[in-house]
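Residues per chain, in single letters:
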Amino acid sequence: MHFAVGASAATTTTTTYSSSCFAQLLSVTLAGESIPLDEGRDCSDPGDSFVPVGTIAGPAEFPLVVDVLYESTSRSADQSKARARAGVAHVFLPLSTFGGPDVTLDVLTSESTCKDGVADGSSHVVGLKVGEDQVELPGDITGDTIDLSPVAFIELNKAADSSSSSDTGATSNPRVQTTTDNHEQTALHLVVLPAEEPDPPLLDVVIAHTSASCSKTTTTTTTGGGGGGGGLPAQTGWMNGGGTMVDSSTTTVAPGSKVSHGFVLPCFVNQTPPGGSNLTVNGHFGHFKLSTVDTVKCTDDPNQGDPQNPKATFNTMDGTGTGVCNGAPAKATWHFTDEGEPNTADEAKLEIHSTGSPSVCDLVVTGLLTHGNNQAHPLPTTGGSSVKAKGGSRS
């Protein structure tokens, strides 16, 4: 009969933010070499702002003129909000230097922002004139290109977005989930084409450029014990054991062959069981040895047995890790249960797969242990000694 022990578990969730931003009025690259006209500024210092008055003039090889409106960055103390802005006016681009029409613009602005981990932005181009021709621009123009072949092309209101995420997994305690959102915004990008490909552009000009990178991290920590039913709260302790199972993989060369294993594993990634963590598996497929516990969680499942001698507050362990199988990197997933005494109903499931190509390791074993035992343990109150895995091989 199942017997649940321990106090109810408590879950604490915290959310933190980080953000960075950058604003630059003008960057110029001539024949692959950057020309230092404006270094730009970032939001590393909260409250940064800069409102210059004056004109930026280009190099002799391309004497462009830009009147400065503003270049500013700001960020809240908790980094949940950030903003970068850049604006210029009365832009003159002397493309006649390269045999094309001169280009003028009245106003260019760009803005990129962070808000609670989400990045966004916009830019605007007003009053574009190519040679003697006024170009009509709709208010929602985005990423349009003006083709001035064979001399140059101009991109207007260009945006670029990207994102990434990471998650230590539901079996980790604490569980750390991070999402990062990135946005870049450019009001104008001018490229003067080379005479022959694949030479670098003769000229590359970016005007009113901003960017923002915004991260949101949620940390969920479970503390305390908990027994029986509900959401199966995480428990503390460690488990050791091992034994023999039958290979149930359909892709290995010898399905049905016996596989032996031994292990000593913690309930939390940041804990070390007595004697240290270990998982080894041997069989027809070769040999696997665990190097790192990536995720792990111990729970008290009411559908499983009641661990005894010693008395533990959990009966099930699930985890993942990385190691070496037949000399190559591999990923392992495990599920172990302690059904109590006598140890005739302990279960195990192991999956091991190479992470490279070609695959040199592929194993799936699941079922009741034979000639072995899984044993759940509470954390020792003091000290600790080396513990060897039962039933199965260790090395």
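Anything mentioned here points back to the structure above.
Description of the structure in this document. In this text the structure is predicted, and so the values were computed from the model without any measurement. (Residues numbered from 1 in each chain as written. Predicted model: local features only at pLDDT ≥ 70, side-chain atom pairs only at ≥ 80, totals over all residues. Heavy atoms only, no water.)

### Points about the overall build of the protein chain
The helix and strand tally for the protein chain stands at zero helices and 22 strands. Here the protein chain has roughly 18200 Å² of accessible surface; of this, 53% comes from carbon and sulfur atoms. (Helix = DSSP H or I, 4+ residues; strand = E, 2+ residues; numbered from the N terminus. Areas by Shrake-Rupley, 256 points an atom, 1.4 Å probe, with all protein chains shown as cover.)

### What about the sheet that holds strand β9 (residues 133-135)?
Spatially, six strands are ordered β4-β5-β6-β7-β8-β9 in an open sheet, and the strand pairing comes out antiparallel. The sheet is open, and its two borders are formed by β4 (54-57) and β9, each paired with just one other strand. If you compare each strand with its neighbour and ignore which way they point, the axes differ by 20 degrees on average. Pairing of strand β6 (residues 81-93) with strand β7 (residues 103-115) involves twelve bridges; the strand directions are antiparallel. Counterpart to Ala84 in the pairing with β7 is Ser112. (Pairing = 2+ DSSP bridges. Axes fitted to C-alpha atoms, helices over the stretch in contact; angles between N-to-C directions.)

### Section: unusual backbone geometry
Here the amide bond leading from Ser149 into Pro150 is cis, since omega sits at 5 degrees, within 30 degrees of zero. As for its position among the elements, Pro150 is in the loop between β10 (144-148) and β11 (152-167). With an omega of 5 degrees, the peptide bond between Ser357 and Pro358 qualifies as cis. By the secondary structure assignment, Pro358 is in the loop between β20 (347-354) and β21 (362-368). In this model, Gln79 sits at a positive phi of 65 degrees, which is unusual for a non-glycine residue. When you line up the elements, Gln79 lands in the loop between β5 (65-75) and β6. Look at Asp116: it is not a glycine, yet its phi comes out positive at around 55 degrees. Topologically, Asp116 is positioned in the loop between β7 and β8 (118-130). Accessibility expressed as a relative area gives 34% for Asp116, which makes it partly exposed. (Buried < 20%, exposed > 50% of the residue type's maximum accessible area, 1.4 Å probe, protein only.)

### A look at the sheet that holds strand β19 (residues 328-337)
The strands that make up a sheet pair up through hydrogen bonds in the backbone, lying either parallel or antiparallel. If you walk across this open sheet you meet the nine strands as β21-β20-β19-β18-β17-β16-β15-β14-β22, and the pairing is antiparallel. The sheet is open, and its two edges are formed by β21 and β22 (370-377), each paired on a single side. Going across the sheet, the axis of each strand differs from the next one's by a mean of 15 degrees, ignoring polarity. Note: β19 against β20, seven bridges, orientation antiparallel. The partner of Thr333 across the bridge, within β20, is Glu351.

### Overview of the side chain of Gln375
Along the chain, Gln375 turns up in strand β22. On the basis of relative accessibility, which here comes to 2%, the residue Gln375 falls in the buried class. Engagement of the side chain of Gln375 in a polar contact is seen with the side chain of Asp338, the distance being 3.3 Å. (Polar contact = N/O pair within 3.5 Å; in protein donor to acceptor, adjacent residues only side chain to side chain.)

### A look at the pattern of salt bridges
This structure, assessed with the given rule, holds five salt bridges. One salt bridge connects Lys81 with Asp116, and the closest N-O pair in it is separated by 3.9 Å. With a gap of 35 residues between them, Lys81 in strand β6 and Asp116 in the loop between β7 and β8 connect regions that are remote in the sequence. Taking the relative accessible area as the measure of exposure, Lys81 reaches 41% and is therefore partly exposed. (Salt bridge = Lys/Arg side-chain N within 4 Å of Asp/Glu carboxyl O.)

### What to know about the state of the cysteines
Covalently bonding the sulfur atom of one cysteine to the sulfur atom of another cysteine gives a disulfide. Enumeration according to the criterion identifies four disulfides in this entry. At a sulfur-sulfur separation of 1.8 Å, the disulfide partner of Cys114 is Cys214. Taking the sign of the torsion about the S-S bond as the criterion, the disulfide between Cys114 and Cys214, at about -85 degrees, is left-handed. In this pair, Cys114 sits in strand β7 while Cys214 sits in strand β13 (residues 203-223), placing the two residues 100 residues apart along the sequence. (Disulfide = S-S within 2.5 Å.)

### Describing the pairing of β5
In this structure, β4 lies alongside β5, joined through four bridges in antiparallel fashion. Bridging across to β5, Gly54 finds its partner in Val68. The pairing of β5 with β6 spans nine bridges and is antiparallel. Each bridged residue has a counterpart across the sheet, and for Val65 the counterpart in β6 is Phe92. The hairpin turn running from β5 into β6, its antiparallel successor, is five residues long, and Gln79 in that turn takes a positive phi close to 65 degrees.

### Some thoughts on the pairing of strand β17 (residues 286-299)
Relative to β17, strand β16 (residues 278-283) runs antiparallel, the two being bridged by four bridges. Within β17, the residue paired with Thr280 across the bridge is Lys289. Turn length for the β16-β17 hairpin, with the two strands adjacent in sequence and antiparallel, is two residues. Of the strand pairs in this sheet, β17 and strand β18 (residues 316-325) are connected by ten bridges, and their pairing is antiparallel. Within β18, the position partnered with Val293 by the bridge is Gly321.

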